[in-house]
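# Notes for the structure review
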Amino acid sequence: MFKRSLALFLLLSAPGAWAADNAPPAEGAVNPPPRAPFNRYQRFEAAPVEMGAPFAGQKSNEIARERLQANLDERVGPLLQEWNAAAAGDAPATLRIVPQVRYIRFITGGKRFFGGALAGGSSIMVTLKITDAASGEVIAEPDFYQHANAMGAAWSYGATDKTMLIRISNMATEYLRSNYAQTVAVPISQAPDISN
């Protein structure tokens, strides 16, 4: 009984402590345009998703990182393949894209099943560090934020926790596509799209 009470206490206290340190972006916050449109480059490469301390190594966060990677591979991968298929010339310049999880709180299906809304909400902030591969110059460093409401995730049996990762992947893909021929500012966050 004591172990159950302690586990429930930790489960309920953790979300508040985490949220205090990692507040969501202000409503209407936008990423500035990149330094240059991406079509100035002839080759494009995406690195695996990076996730550092204190989030790396936590089972639920590692599950989320794997799902995020799969979603980015499915969406960003074909876009970069299309761009890389164009003729590159003799000295192609390469744009490197590194997705970095800045912070995350992900509720897995098991925790959602047993804890429901009491398990808290999920949220994630991902940065795309986009650099000139040769010089290391940062061309853009946009942030993307999404969350899954605790009650909605409970009613959907954790489906909204998973679609949060799909939405982040969609936002990253559209950012890259929108800034290929021109540079534009894009929102850091957007309302959930129930079609995802």
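Now for a look at the structure at hand. Not measured: the values here are computed from a predicted model. Residue positions are given per chain, counting from 1 as you read along its sequence in written order. Given that this is a predicted model, residues contribute local features only at a pLDDT of at least 70 and side-chain atom pairs are listed and counted only at 80 or more, while totals for whole chains, interfaces and linings are drawn from all residues. In computing side-chain properties, one takes all heavy atoms of the structure into account and sets aside hydrogens as well as water.

### A short note on the nonpolar core
Grouped together as the largest cluster of nonpolar side chains are 38 residues, with contacts concentrated most on Ile124, Ile130 and Leu176. Breaking this core down by element, the ones donating at least two residues are helix H2 (59–84), strand S4 (94–105), strand S5 (122–132), strand S6 (138–140), strand S7 (143–148) and helix H5 (159–178). Not counting chain neighbours up to four residues away, the residues in contact with Ile130 comprise Phe38, Leu95, Arg96, Ile97, Glu137, Val138, Ile139, Ala140, Pro142, Tyr175 and Leu176. Here, nonpolar core means buried Ala, Val, Leu, Ile, Met, Phe, Trp, Tyr and Cys residues that are tied together by side-chain atoms lying within 4.5 Å of each other. Burial here depends on accessible area, computed with a 1.4 Å probe over protein chains only, as a share of the maximum for the residue type. Under 20% is buried, over 50% is exposed, and the range in between is partly exposed. Note on conventions: DSSP H or I runs of at least 4 residues are helices, E runs of at least 2 residues are strands, and numbering of each starts at the N terminus. Contacts were defined at the residue level, with two residues in contact if any of their heavy atoms lie within 4.5 Å.

### Quick look at the side chain of Thr173
For Thr173, the position within the fold is in helix H5. A relative accessible area of 3% means that Thr173 is categorised as buried. When residues no more than four places from it in sequence are discounted, the contact partners of Thr173 are Arg75, Val76 and Leu79.

### Here we look at the packing of aromatic side chains
The description of an aromatic ring pair rests on the distance of the ring centres and on the angle between the ring planes. Classification of ring pairs rests on two measures: the distance between centres of Phe, Tyr or Trp rings, Trp counted by its six-membered ring, which must be within 6.5 Å, and the angle between planes, read as stacked under 30 degrees, edge-to-face over 60 and tilted in between. Within this structure, the stated rule accounts for six aromatic pairs. Measuring from centroid to centroid gives 4.3 Å for Trp83 and Tyr180, while their planes differ by 25°, and the two rings are stacked. Of this pair, Trp83 sits in helix H2 while Tyr180 is found in the loop between H5 and strand S8 (186–187), placing the two residues 97 residues apart along the sequence. When the ring of Tyr103 is compared with that of Tyr145, the centres are 6.5 Å apart and the planes differ by 50°; the resulting orientation is tilted. Of this pair, Tyr103 sits in strand S4 while Tyr145 sits in strand S7, and the two are 42 residues apart along the sequence. Across this residue pair, the class does not change: Tyr103 and Tyr145 are buried.

### Concerning the side chain of Asn71
Among the secondary structure elements, Asn71 is positioned in helix H2. For Asn71, a relative accessible area of 11% gives the class buried.

### A few points about the pattern of salt bridges
Here, a salt bridge means any Lys or Arg side-chain nitrogen found within 4 Å of an Asp or Glu carboxyl oxygen. Inspection of the entire model under this criterion finds six salt bridges. Note that Arg96 and Glu45 form a salt bridge whose closest N and O atoms lie 3.1 Å from each other. Taken together, the residues span a long stretch of sequence, with Arg96 in strand S4 and Glu45 in strand S2 (residues 43–46) at a distance of 51 residues. The partly exposed category is assigned to Glu45, whose relative accessible area is 32%. In this structure, Glu174 engages Arg177 in a salt bridge whose closest nitrogen and oxygen atoms are separated by 3.2 Å. Taken together, the residues Glu174 and Arg177, both in helix H5 and three residues apart, mark about one turn of the helix. We classify Glu174 as partly exposed; its relative accessible area is 38%.

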